[in-house]
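Examining the three-dimensional arrangement
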Amino acid sequence: MAQQTITRESSSPVWEAVSRWLPLANPDLEYWWKLTGPHVAHMMETAGHSVEAQYNALLFHYSYVIPYLGHAPKSDGRLQWNSLLGNKGSPIEYSWKWNTTKARPDVRYCIEAIGPYAGRALDPLNQDASIEMLHQLAETVPTVDLTWTNHFVDILFDHNRGKHAADGATSTILIAPEWLEKGFNIKSYFLPRRLGKNASTKGLLTLAEWEKHMAHLDPDNKARKAMFDFLSNDPEGQYLTPYMVAVDNVKPSKSRLKLYFLGSRTSFASVRSIMTMSGYKQVPEEYLQKLRSLICAVAGVGPDFPEDQELPSISDDYTTWTKDNSGEVPEVLRHNVYYFDIAPGKSVPDIKFYIPVRDHSPKDYEVAGNLIDWMKNRGRGAYAGAYLDMLRYLNQYRKLEDSKCAHSYISCLIKGDGELDITSYLGAEAVAIDDNARQ
């Protein structure tokens, strides 16, 4: 199989030390290790993680992630399986949870594990590798519990593989490891795929189906009841379309339960209504204005931009591959995204907001600059230079000044004390190939 040579401006000392002793059994492992290993190492080092944490992250990446990234790209840049996650179908997306005034950034990433039969009759939805990876981790890491993962794998998908093979393939399971101060965690994401759905539903579940599948997990959960009431009866809530669920792979009593939605309305008036559930969830106006200022910065609009006006769309900059890889849910490129966390015992959901940077924001360098300025103005600029350095490292095949691929989303969760938890979701190339070849 023809492969491209991956070169980097520089590699971290920890990655160099680890690579010296780790065997690479085949060209596919070598390709993905030499591409993504330096990414992980550089991000961990840039974010100020200890040398011990960097070694742990890289050894985990080598042992549990690299074997599941599939074949190396072909000579024309084509991948074995085009994932919804990354640029040009890349099976990995990175994220940088911004530092606060008291804590350093957190480095995370999400992958789609790719099996040898992905997209073929034996594994049309490419699920076998993800399930295998999670069970391997459950045997190794005492805190990993797959109770809810097993539940959603069972109920969210029809299991007639032959019919799925005829119906077409798309990403359905994503896995996200993270290294936090409190320890290691791994999350699972599920995008339902049901047979017999018409073109308008795209294999997704209805709101009633979601409610049915979640009700018995925590029957008396007040947050779940409030969420479904808002979605069913509130004019703004009715614009939200559920499309994905995520859990922490820990004991269910300790896990979050996050239902993700696409929101077709992008005005701040809409964001306000959803973040507050039209008044059911109490959020001080001061906190909402912080969020508004962040949205204006990321979208590149002025502070006087009308609250009831939809954000401008700048989608002409998409490459053909970016559009194609959105699969049957192209709305992920242009609609706002929200999750409602209705974990066991919650009375009110935690709500997180994501702005789709590729549709509503200027070029990557300007987005980064606006975001950095926003952080500096609020005493959170300690890692501003590190962030820009990290972006350039992840995107050595293109200039940030000319691209709209380095950022996919910027998310925000308003904490109880009014501080904003902000995360940048980042694309990195899987192959070194000219975008113009795919226009």
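In short, a report on the structure. Note that the structure is predicted; figures quoted are calculated from it, not measured. (Residues numbered from 1 in each chain as written. Predicted model: local features only at pLDDT ≥ 70, side-chain atom pairs only at ≥ 80, totals over all residues. Heavy atoms only, no water.)

With that out of the way, let us pick up the side chain of Lys 187. You can see Lys 187 is positioned in strand S4 (residues 183-190). A residue is classified by how much of its surface remains accessible, and Lys 187, at 7% relative accessible area, is buried. In terms of polar contacts, Lys 187 uses its side chain to reach the side chain of Glu 178, at 3.3 Å. In contact with Lys 187, not counting residues within four places along its chain, are Arg 108, Leu 174, Ile 175, Ala 176, Glu 178, Val 247, Asp 248, Asn 249, Arg 256 and Lys 258. (Helix = DSSP H or I, 4+ residues; strand = E, 2+ residues; numbered from the N terminus. Buried < 20%, exposed > 50% of the residue type's maximum accessible area, 1.4 Å probe, protein only. Polar contact = N/O pair within 3.5 Å; in protein donor to acceptor, adjacent residues only side chain to side chain. Contact = heavy atoms within 4.5 Å.)

Bringing a nonpolar patch on the surface into the picture now. On the surface, a cluster of nonpolar side chains totalling about 240 Å² of accessible area is made up of Val 51, Tyr 55 and Leu 59. Within the secondary structure, Leu 59 is located in helix H3 (residues 51-65). Leu 59 gets classed as partly exposed once you look at its relative accessible area, which sits at 37%. (Patch = residues over 30% accessible without salt bridge, like charges linked within 9 Å, V, L, I, M, F, W, Y side chains within 5 Å. Areas by Shrake-Rupley, 256 points an atom, 1.4 Å probe, with all protein chains shown as cover. Salt bridge = Lys/Arg side-chain N within 4 Å of Asp/Glu carboxyl O.)

Let us now look at the packing of helix H1 (residues 13-21) against helix H2 (residues 27-46). Where H1 contacts H2, the axes come no closer than 8 Å and their chain directions differ by 140 degrees. It follows from the interaxial angle that H1 and H2 lie oblique. Relative to H2, H1 is oriented so that their crossing is right-handed. Residue-level inspection shows Pro 13, Trp 15, Val 18 and Ser 19 of H1 in contact with H2, the latter providing Trp 33, Lys 34, Gly 37, Pro 38, Ala 41 and Glu 45. Residues that form the contact of H1 with H2 fall into these classes: 6 nonpolar, 2 polar and 2 charged. (Axes fitted to C-alpha atoms, helices over the stretch in contact; angles between N-to-C directions. Parallel < 35°, antiparallel > 145°, perpendicular 65-115°, else oblique. Left-handed = near helix turned anticlockwise from the far one by under 90°. Nonpolar A, V, L, I, M, F, W, Y, C, P; charged D, E, K, R; others polar.)

We now examine the environment of Trp 148. Along the polypeptide, Trp 148 turns up in helix H5 (residues 147-155). The buried category is assigned to Trp 148, whose relative accessible area is 7%. Residues Trp 148 and Ser 255, 107 residues apart in the sequence, show an inter-C-alpha distance of 9.0 Å. Residue contacts for Trp 148: discarding those within four places in its chain leaves Leu 217, Val 247, Pro 252, Ser 255, Arg 256, Leu 257 and Pro 344.

Another aspect to go through is the pairing of strand S3 (residues 173-180). The element S3 is largely enclosed, with a buried count of 8 among its 8 residues. Every second residue of S3 is oriented toward a common face, with Ile 173, Ile 175, Pro 177 and Trp 179 on one face and Leu 174, Ala 176, Glu 178 and Leu 180 on the other, all of them buried. Inspection of the sheet shows strand S2 (residues 106-111) paired to S3 by 2 bridges, in the antiparallel sense. Note that in S3 the partner of Arg 108 across the bridge is Glu 178. (Pairing = 2+ DSSP bridges.)

Glancing now at helix H9 (residues 268-276). Where burial is concerned, most of H9 is hidden: 7 out of the 9 residues are buried. For H9, the full list of buried residues reads Phe 268, Ser 270, Val 271, Ser 273, Ile 274, Met 275 and Thr 276. In this fold, the buried residues of H9 make contact with helix H8 (222-233), strand S5 (240-248), helix H10 (285-299), strand S7 (336-341), strand S8 (350-356) and strand S9 (407-414). Of the residues flanking the end of H9, it is Met 277, one or two places downstream, whose phi is positive at about 50 degrees.

Turning next to the nonpolar core. Ranked by internal contacts, the top residues of the largest apolar core, which has 113 residues, are Phe 340 and Tyr 387. Judged by nonpolar contacts, the second largest core, of 18 residues, contains Ala 176, Val 337, Tyr 339 and Tyr 425. (Core = buried A, V, L, I, M, F, W, Y, C linked by side-chain atoms within 4.5 Å.)

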